[in-house]
Amino acid sequence: LDLNGKIIISNQAFKQIPELKDKLIHDRSFINKILPSREKIKKLQDLFLSNESSGTIYEIETEKTEGKTKTLFEVNSTIVDYKDQKFELLTFRDITESKKAEEELRKSEIKYRSLVEDSAAGVATTDLRGRFDYVNKSLCKMMGYRKEEMIGKHFWDFLETDDKKTIVPKFWNA
């Protein structure tokens, strides 16, 4: 892009982005078409006017003209000097699927965290040295301790002496 937001040159991969048909590349200002949000336009305009490189990575959303499907791109922006002129070098990465996966993972984590936390069964995890790094409410209630009293302590600190003799060696051999 030149510093006015006009596309000067693009590679084949950019031209193949379904939402950016060839006519957009050749006869429309990049800013007006691909960045519909005024806030995002302002960010890029400020970058253009500053004539500085940016470590900023923008996320932009586009809509297919024939449908409601949206695509999310990560755009990395850098100002470069070429033949005594300043241009903006933009790199694009389609992050639609990774964002969907992140959202699904977030939902799944919430679901399973609540299942474990609200379970009637006592649930705990330990690090490799046998120290509790997670205990749920039910285990705390069963054991008669608060979470803060258990986290970071070895699980065998909460066992009866006879149980320690059989359980601890099994832990180390697991």
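In this text, all values refer to a predicted model and were calculated from it rather than measured experimentally.

Looking at this structure, how should I read the pattern of salt bridges?
Pairing between side chains of opposite charge can happen when the charged atoms of each approach one another. Scanning the model with the defined rule gives 8 salt bridges in all. Residue Lys137 is joined to Asp118 by a salt bridge in which the shortest nitrogen-to-oxygen separation is 3.3 Å. Within this pair, whereas Lys137 is found in helix H6 (residues 137-143), its partner Asp118 is found in the loop between helix H5 (96-117) and strand S4 (124-126), the two being separated by 19 residues in sequence. According to the relative accessible area criterion, Asp118 is exposed, its value standing at 54%. Close ionic contact of Glu149 with Arg146 constitutes a salt bridge, the shortest N to O distance being 3.8 Å. Of the residues examined, Arg146 reaches a relative accessible area of 52% and is grouped as exposed.

I would appreciate a short explanation of the environment of Arg146 in the present structure.
Relative to the helices and strands, Arg146 resides in the loop between H6 and helix H7 (147-150). For the pair formed by Arg146 and Asn136, sequence separation is 10 residues and the distance between their alpha carbons is 9.8 Å.

I keep staring at the nonpolar core and nothing clicks. Help me out?
Generally speaking, a soluble globular protein has its nonpolar side chains buried in company with each other. Counting 9 residues, the largest nonpolar core consists of Phe132, Val135, Leu139, Cys140, Met150, Phe155, Trp156, Phe158 and Val168. At the level of elements, strand S5 (132-135) and H6 are the ones that each hand at least two residues to this core. Among all residues touching Trp156, those that are not within four sequence positions of it are Arg129, Gly130, Lys164, Val168, Phe171 and Trp172.

In this structure, what is going on with the packing of aromatic side chains? I would like to understand it.
Pairs of aromatic rings are described using the distance from one ring centre to the other and the angle between the two planes. Tallying each qualifying case throughout the model produces 7 aromatic pairs. Taking the centre distance of 5.9 Å and the plane angle of 50 degrees together, the rings of Trp156 and Trp172 count as tilted. Here the residue Trp156 occupies a position in the loop between H7 and helix H8 (161-173), and Trp172 occupies one in helix H8, the gap between them amounting to 16 residues. With a centroid separation of 5.1 Å and 75 degrees between ring planes, the pair formed by Phe171 and Trp172 is classed as edge-to-face. On the basis of relative accessibility, which here comes to 22%, the residue Phe171 falls in the partly exposed class. An aromatic cluster is built from Phe155, Trp156, Phe171 and Trp172, whose rings are joined through pairwise contacts.

Cut-offs and rules
- Residues numbered from 1 in each chain as written.
- Predicted model: local features only at pLDDT ≥ 70, side-chain atom pairs only at ≥ 80, totals over all residues.
- Heavy atoms only, no water.
- Salt bridge = Lys/Arg side-chain N within 4 Å of Asp/Glu carboxyl O.
- Helix = DSSP H or I, 4+ residues; strand = E, 2+ residues; numbered from the N terminus.
- Buried < 20%, exposed > 50% of the residue type's maximum accessible area, 1.4 Å probe, protein only.
- Core = buried A, V, L, I, M, F, W, Y, C linked by side-chain atoms within 4.5 Å.
- Contact = heavy atoms within 4.5 Å.
- Phe/Tyr/Trp six-rings, centres within 6.5 Å; stacked < 30°, edge-to-face > 60°.

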